[in-house]
Amino acid sequence: MIYYDIHTHQPPVHPEDIAIINTIVKDEGDLLLPAQWCSMGIHPWYIYNVREQLSLLESALSDPSVVAIGEAGLDKLAEASLDIQQSTFREQALLAEKADKPLIIHSVKAWAELIAMKRSVKPRMPWIVHGFRGNAELAGQLIHQGFYLSFGEHFNSQALQAAWPGYLLAETDDKEIDIRSVYRQIATSLHISLEELVITLERNVQNIFPFVR
């Protein structure tokens, strides 16, 4: 069975598992790609020189190992103003459209703004909210707008049910844990077999990241 970690900050515990490793664009050094598959983006915590960061990001997107943009996002607890965050997020969303790559999203206390942004951009490419911990009502609202939800080791069981089967993905984020343990937690919460979960998530990943194998 193949396990997919769609958002992580470290190599997989088991080398045969497939991980998309996140890289935050801050400066030239961040263009060193960390793995076979990675995502690259301007995190709302690290918005410094936006034009330079966007230029660095765009220059990296031609590398076939970069399979997603992100994590981009909106975070009302970040130092950067929400206006700057929104303009930076929009630029990355438009780059995702131009590059035909999915967008991985960090969102904190900015759900209305995120939904409004999606309605404005009208993206063709998938938008994935990573590390989702919200409730079932919020999950339903996001899924209704076409968002995919990625779950880590902590999640709301009802939200998981709302995303199952077609809008659900799994991740470890910055936790030093095994993606297989996350899969086991999810399967237990959904009251399904691990094999059924693995098959379903592989299908979901291939729909979004067709080159990640």
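Above this note sits the structure.
Here the residue index of a chain counts from 1 through its sequence in written order. In keeping with the model being predicted, local features are shown solely for residues with a pLDDT of at least 70 and side-chain atom pairs are shown and tallied solely at 80 or more, while totals for entire chains, interfaces and linings include all residues. The side-chain values count all of the structure's non-hydrogen atoms but skip hydrogen atoms and water molecules.

The next subject is the packing of helix α6 (residues 179–190) against helix α7 (residues 194–208). Contact geometry for α6 and α7: axes closest at 9 Å, N-to-C directions at 110°. Classified by the interaxial angle, the pair formed by α6 and α7 is roughly perpendicular. Seen along the crossing, α6 lies across α7 with a hand that is right-handed. For the pair α6 and α7, the contacting residues are Tyr 183, Arg 184, Ile 186, Ala 187 and Leu 190 in the first and Leu 194, Leu 197, Val 198 and Leu 201 in the second. In terms of residue class, the contact of α6 with α7 is made up of 8 nonpolar, no polar and 1 charged. Lines fitted to C-alpha atoms define the axes here, with helix axes fitted over just the stretch in contact, and angles between the N-to-C directions of these axes take values from 0 to 180 degrees. A helix here means a DSSP run of H or I that spans at least four residues, while a strand means a run of E at least two residues long, and both kinds are numbered starting from the N terminus. By definition in this entry, angles of less than 35 degrees are roughly parallel, angles greater than 145 are roughly antiparallel, angles of 65 to 115 are roughly perpendicular, and the rest are oblique. By the definition used in this description, the sense in which the near helix is turned from the far one sets the handedness, with an anticlockwise turn below a right angle giving left-handed and a clockwise turn giving right-handed. Pairs of residues are marked as contacts when any of their non-hydrogen atoms sit within 4.5 Å. When residue character is reported, Ala, Val, Leu, Ile, Met, Phe, Trp, Tyr, Cys and Pro are called nonpolar, Asp, Glu, Lys and Arg charged, and the others, Gly included, polar.

Here we come to helix α3 (residues 111–121). Burial classes: relative accessible area under 20% of the type maximum marks a residue as buried, over 50% as exposed, and values in between as partly exposed (1.4 Å probe, protein chains only). For α3, the set of buried residues is Glu 113, Leu 114, Ile 115, Met 117, Lys 118 and Val 121. Of the surrounding secondary structure, the elements contacted by the buried residues of α3 are β4 (66–75), α2 (82–99), β5 (103–108), β6 (127–129) and α4 (136–144). Of the residues flanking the end of α3, it is Lys 122, one or two places downstream, whose phi is positive at about 55°.

Our focus in this paragraph is the packing of helix α1 (residues 50–60) against α2. Put simply, α1 and α2 touch, their axes get as near as 11 Å, and they point 20° apart. For the element pair α1 / α2, the angle class is roughly parallel. Our pair here, α1 against α2, has a crossing hand that is right-handed. Contact residues: Val 50, Arg 51, Leu 54, Leu 57 and Glu 58 in α1; Thr 88, Glu 91, Gln 92, Leu 95 and Lys 98 in α2. Among the residues making up the contact of α1 with α2, the classes are represented as 4 nonpolar, 2 polar and 4 charged.

Another aspect to go through is unusual backbone geometry. The omega angle of the peptide bond from Gly 70 to Glu 71 is 15°, so this bond is cis rather than trans. Along the chain, Glu 71 turns up in strand β4. Cis rather than trans, the peptide bond between Trp 164 and Pro 165 has omega equal to 0°. Structurally, Pro 165 is set in the loop between α5 (157–163) and β8 (168–170). With a phi close to 55°, Asp 173 is a non-glycine residue in the positive phi region. Note that Asp 173 resides in the loop between β8 and α6.

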